[in-house]
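Residues per chain, in single letters:
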Amino acid sequence: MKKIITSVIFTLLVIKLIATAPDFSMVGFATLNGGTTGGAGGTETTVTTYDQLKAAVFGASPKIVYVVGKIEVPGGGDAIEVGSNTSIIGIGNTAMISQVQLYLKNASNVIIRNIKFTAIGSNKGSD
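Quick caveat: nothing in here was measured; it's all calculated off a predicted structure.

Participant: Would you mind going over the overall build of the protein with me for this structure?
Facilitator: Helix and strand content of the protein: two helices and nine strands. Starting at the N terminus and walking to the C terminus, you meet the elements of the protein as α-β-α-β-β-β-β-β-β-β-β. Counting only contacts in the protein whose residues sit at least 6 apart along the sequence, the fraction spanning at least 24 positions is 46%. Accessible surface, the protein as shown: approximately 8200 Å² in total, 60% of it carbon and sulfur.

Participant: Honestly, the sheet that holds strand E8 (residues 110-113) in this entry has me stumped. Any pointers?
Facilitator: Pairing between sheet strands relies on hydrogen bonds along the backbone, with the strands arranged either parallel or antiparallel. The four strands are arranged E1-E2-E5-E8 in an open sheet whose pairing can be described as parallel. The open sheet terminates on both sides in strands that have one partner only, identified here as strand E1 (43-47) and E8. Each strand axis lies, on average, 15° off the axis of its neighbour in the sheet, ignoring direction. Where E1 and strand E2 (residues 63-67) come together, five bridges link them in parallel fashion. Bridging from a neighbouring strand, Glu-44 pairs with Ile-64 of E2. In this fold helix H2 (residues 50-57) packs onto E1, E2 and strand E5 (86-90), with an angle of close to 165° to the strand it touches most, E2.

Participant: Explain a nonpolar patch on the surface to me, please; I cannot follow it from the model alone.
Facilitator: Among the surface-exposed residues, Leu-104, Ile-112 and Phe-117 lie close enough to one another that they form a single nonpolar patch of about 220 Å² accessible area. With respect to the element layout, Leu-104 can be found in the loop between strand E7 (102-103) and E8.

Criteria and cut-off values
- Residues numbered from 1 in each chain as written.
- Predicted model: local features only at pLDDT ≥ 70, side-chain atom pairs only at ≥ 80, totals over all residues.
- Heavy atoms only, no water.
- Helix = DSSP H or I, 4+ residues; strand = E, 2+ residues; numbered from the N terminus.
- Contact = heavy atoms within 4.5 Å.
- Areas by Shrake-Rupley, 256 points an atom, 1.4 Å probe, with all protein chains shown as cover.
- Pairing = 2+ DSSP bridges.
- Axes fitted to C-alpha atoms, helices over the stretch in contact; angles between N-to-C directions.
- Patch = residues over 30% accessible without salt bridge, like charges linked within 9 Å, V, L, I, M, F, W, Y side chains within 5 Å.
- Salt bridge = Lys/Arg side-chain N within 4 Å of Asp/Glu carboxyl O.

Structure, rendered in C-alpha cells:
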C-alpha cells in the first residue's frame, strides 16, 4: 500500500512539473520605460527559409515573425538586419537559426524568443 501511495504522489508531481507552463514574463531592462512590446499588433508571418526570414524582419513597422524548423545557409549567409518593433518567435521545440547572424544595430523594441542559435559568426566587423 505504501508503494502505491508513493507512486501516485510521484506521478502527480511529475504531471505538475510537465503541465507547468514556462514563465515568459519580462524582467530586467525589458520592463523599463514602458516595457518591450516587440511587434505586438503588427503583421504576422511564418517563415521556414533564410530568404523569407530576411524579408520578414526588415523595416521598422510592427511585425511578429514565427520561425518553424531549422533555417540555415550552408557556408553562412549574410547578416540579416532586424528592424525595430519586431518579435521573432520560434514555434515548437525545433526552431533553429544556424550560420546566420541577426544584426540589431540601431534597432529597438525587439523580442527574440524560443529559438536555438548555432554556428554564429559576425561578418559585420566590429559592429
